[in-house]
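# Fold and contact review
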Amino acid sequence: MTYSNNNVGEKSINTFEFRSIGVISTPFKQKFGIPRQSQAISVATGTIQFSPDINPTNACRGLDAFSHLWISFIFHGNRQGIWKDTVRPPRLGGNEKVGVFATRSTFRPNPIGLSVVKNGGLNEHNNLVVEGIDLLDQTPIIDIKPYVHYADSVNHAISGFAEFAPKQKMHVEYSKLASLQLNTLASAYPELQALLNNILEQDPRPAYKSATKDDKIYSVLLHNFDIKWQVRDTINYVLDIEIH
Ligand code: SAH
């Protein structure tokens, strides 16, 4: 990632280069449906595969004493260089504009994301397991730091338009077919139903859709499944779960 400003000679003093320390594998194969903050979806698990030049045993020594971590990553799924200084956060219904720095928008001058995740430790392949993620599959990770309770958690902090976690807007129901399919998949993907419930309860549709009648069949990709669902009043109704 490069950001250039004030070019002085060959390289700007404001230009920095980073490399990824690894990539994360997650169930989210497309941006649609990914929760807007990491802790909203505690069942979503990812594994970070470290780059060959990083020795996970050394670089993560002592990390298992921390229950939570900060991970910094690159919004690699966005077209780079596209950002505006004002954005319309979905939490404000998609109408009101606020400054990009007053939001967690993924379109920023530097496409860097920051998420708090639960530390699941190194697995048998020396990949770091993290839980409660909001990242697209194969997102490049640029740093990992321990979450430090006394320093990182601020009592009585005020959070503007994001003061409260989004309400659970919808109920989730399954067709007979989808229930059968989930049962068949339960041993290989034990968290699939909880993940799907989490995603659909929050209504991943664009804000304006919830105000209008909507009989569209939506699709969300999780793991290697294409999950079809439809809105019925306040219910998100899962129709079918197919291999993608
Ligand atoms: N907690 C992070 C991310 C918040 S935005 C932060 O505050 O910086 C979360 C959204 O980022 C998700 O809804 C998803 O659509 C998007 N996202 C996740 N990984 C991405 C990636 N690699 N590229 C582009 N967008 C991504």
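Anything mentioned here points back to the structure above.
## Section: the sheet that holds strand β9 (residues 171-174)
On the basis of which strands lie adjacent, the open sheet formed by four strands has the order β9-β12-β11-β10 and mixed pairing. Among the strands making up the open sheet, the edge pair consists of β9 and β10 (217-222). Looking at each pair of strands side by side, their axes are set apart by 35 degrees on average, direction ignored. As judged from the four bridges shared by β9 and strand β12 (residues 235-243), these two strands associate in the parallel manner. When the bridges of β12 are listed, Tyr 174 appears paired with Val 238. Against the sheet, helix α3 (residues 176-185) makes contact with β9, β11 (225-232) and β12, and its axis sits at roughly 55 degrees relative to β12, the strand it touches most. Relative to the sheet, helix α4 (residues 192-201) contacts β9, β10, β11 and β12, its axis offset from that of β9 by approximately 135 degrees.

## Comments concerning the pattern of salt bridges
Across all of its chains, the model carries six salt bridges by this definition. Between Arg 19 and Asp 53 there is a salt bridge, with the nearest N and O atoms lying 2.7 Å from each other. Taken as a pair, Arg 19 in the segment before β1 (22-25) and Asp 53 in the loop between β2 (45-50) and α1 (56-59) lie far apart in primary sequence, 34 residues in all. A salt bridge links Lys 118 to Glu 131; the shortest N-O distance between them is 3.8 Å. Pair noted here: Lys 118 is in strand β6 (residues 112-122) and Glu 131 is in strand β7 (residues 128-131), with a separation of 13 residues, a long-range link. Relative accessible area serves as the criterion here: at 39%, Lys 118 is assigned to the partly exposed category. Under the relative-accessibility criterion, Glu 131 is labelled partly exposed at 26%. Several salt bridges converge on common partners, so that one network encompasses Asp 203, Arg 205 and Asp 214.

## Examining the pairing of β12
When β11 meets β12, the two strands line up antiparallel, connected through eight bridges. Its bridge partner being in β12, Arg 232 is matched across the sheet by Ile 235. Remark: two residues form the turn of the hairpin made by β11 and β12, two consecutive strands paired antiparallel; Asp 233 in that turn has positive phi of roughly 55 degrees.

## A few points about the environment of Ile 217
Relative to the elements of secondary structure, Ile 217 occurs in strand β10. On the basis of relative accessibility, which here comes to 48%, the residue Ile 217 falls in the partly exposed class. Expressed as a C-alpha distance, the spacing of Ile 217 and Gln 230, which sit 13 residues apart in the sequence, is 5.0 Å. In this view, Ile 217 contacts Lys 228, Trp 229, Gln 230 and Leu 239; residues no more than four positions away in its chain are not counted.

## Describing the site of the ligand
Around the ligand sit 20 residues, and of these His 76, Gly 77, Arg 104, Leu 114 and Thr 139 come closest. Secondary structure elements with two or more residues in the shell around the ligand: β3 (68-74) and β6. Of the residues contributing to the shell around the ligand, the split by class is eight nonpolar, eight polar and four charged.

What counts as what
Residues numbered from 1 in each chain as written. Predicted model: local features only at pLDDT ≥ 70, side-chain atom pairs only at ≥ 80, totals over all residues. Heavy atoms only, no water. Pairing = 2+ DSSP bridges. Helix = DSSP H or I, 4+ residues; strand = E, 2+ residues; numbered from the N terminus. Axes fitted to C-alpha atoms, helices over the stretch in contact; angles between N-to-C directions. Contact = heavy atoms within 4.5 Å. Salt bridge = Lys/Arg side-chain N within 4 Å of Asp/Glu carboxyl O. Buried < 20%, exposed > 50% of the residue type's maximum accessible area, 1.4 Å probe, protein only. Near = heavy atom within 4 Å. Nonpolar A, V, L, I, M, F, W, Y, C, P; charged D, E, K, R; others polar.

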